[in-house]
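# What the coordinates show
Now for the letters of each chain:
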Amino acid sequence: SPRLNRCLVELIQPGSVMKLFTATTLLENNLLSPFEMINCYDGIHQFPDGRTIRDSHHAGIVPVHEAFAESSNVAFAQLGMRLDKEVFHAQLETFGFGHPTGVDLPGESSGILHPLEKWGLPSRISVPIGYEITLPPIQVAAAAAAIVNNGHYMQPHVLLEVRTAKNELVRLGPIRHIRDVCSPQTTRIILDLMEI
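Heads up: these notes are all about the structure in this document.

### Some details on the overall build of the protein
For the protein, the count of helices and strands is 8 helices and 10 strands. Compactness check: the protein gives a C-alpha radius of gyration of 18 Å against a globular reference of 16 Å for 196 residues, within 12% of the reference. Projecting the C-alpha coordinates of the protein onto the three principal axes gives extents of approximately 60 × 35 × 30 Å. Across the 196 residues of the protein, 42% fall into the buried class. Within the protein, residue pairs in contact and separated by at least 24 positions form 72% of the contacts whose partners lie at least 6 positions apart. Here the protein displays about 10200 Å² of accessible surface, and carbon together with sulfur accounts for 54% of that area.

### Topic: the environment of A23
The residue A23 is located in helix α2 (residues 18-28) in this model. It is 11 Å that separates the C-alpha atoms of A23 and A67, two residues lying 44 residues apart in sequence. In contact with A23, other than residues within four places in its own chain, are L32, F68, F76 and I190.

### A word on the nonpolar core
Most often, soluble globular proteins have nonpolar side chains that are buried together. Membership of the largest hydrophobic core comes to 43 residues, with the highest contact counts inside it found for M18, F21, I38, L92, F95, F97 and I147. Those elements giving two or more residues to this core turn out to be α2, α3 (64-69), α4 (73-80), α5 (85-94), α7 (137-148) and α8 (184-195). The element that contributes the greatest number of residues to this core is α2, accounting for 6 residues. Contacts of F97, omitting those with residues within four sequence positions, involve M18, F21, L92, L113, I133, L135, Q139, V140 and A143.

Here is what the cut-offs are and how they apply
Residues numbered from 1 in each chain as written. Predicted model: local features only at pLDDT ≥ 70, side-chain atom pairs only at ≥ 80, totals over all residues. Heavy atoms only, no water. Helix = DSSP H or I, 4+ residues; strand = E, 2+ residues; numbered from the N terminus. Rg over C-alpha atoms; globule rule 2.2 N^0.38 Å. Buried < 20%, exposed > 50% of the residue type's maximum accessible area, 1.4 Å probe, protein only. Contact = heavy atoms within 4.5 Å. Areas by Shrake-Rupley, 256 points an atom, 1.4 Å probe, with all protein chains shown as cover. Core = buried A, V, L, I, M, F, W, Y, C linked by side-chain atoms within 4.5 Å.

Written as structure tokens, this is what we have:
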């Protein structure tokens with residue numbers, strides 16, 4: 001439909017954007033240092049479930065911050081396996097995945113975050129690199145904004161405020177802090193990773 005708002009209803013696999021949420025979860029659980037070394041196996045690695053994960057580049061043993069900058073699937077599939085599935089799933093729910101954001105527009109999809117009981121080893125390898133999860137773009141944007149906003153998840157809105165041509169405030173939209181998704185310390189590390 002030409003009136004369909006794809007940001008609210010069309011489901012996407014987050015793909016490499018998911019590495020942002022995986023890194024945040026690892027940092028929040030003291031399971032990651034940006035300067036530790038990780039083996040990217042020259043861009044191809046077979047995992048315990050029999051799947052082979054590939055990268056578009058051929059990095060070897062590199063610092064995590066470099067694997068993040070290069071968006072290494074091989075590195076982040078390994079890093080994601082450090083997380084207990086219960087911990088990772090709970091953090092993804094804290095990011096708001098699988099639940100409508102409540103943005104002030106009609107027709108928002110919930111997305112699909114599979115229930116914890118359906119998570120096995122394949123999920124622990126796939127989800128950290130953005131597969132086996134489908135979300136509307138508004139959920140991904142709201143969660144990413146929360147990470148860089150000192151960890152504060154704010155209620156998404158279409159308008160913050162309405163002003164006249166003379167810049168007089170007519171109406172201020174509701175600004176509502178919903179929950180925290182990570183610590184300010186994690187935010188600082190993630191921002192550094194994103195700048196490298």
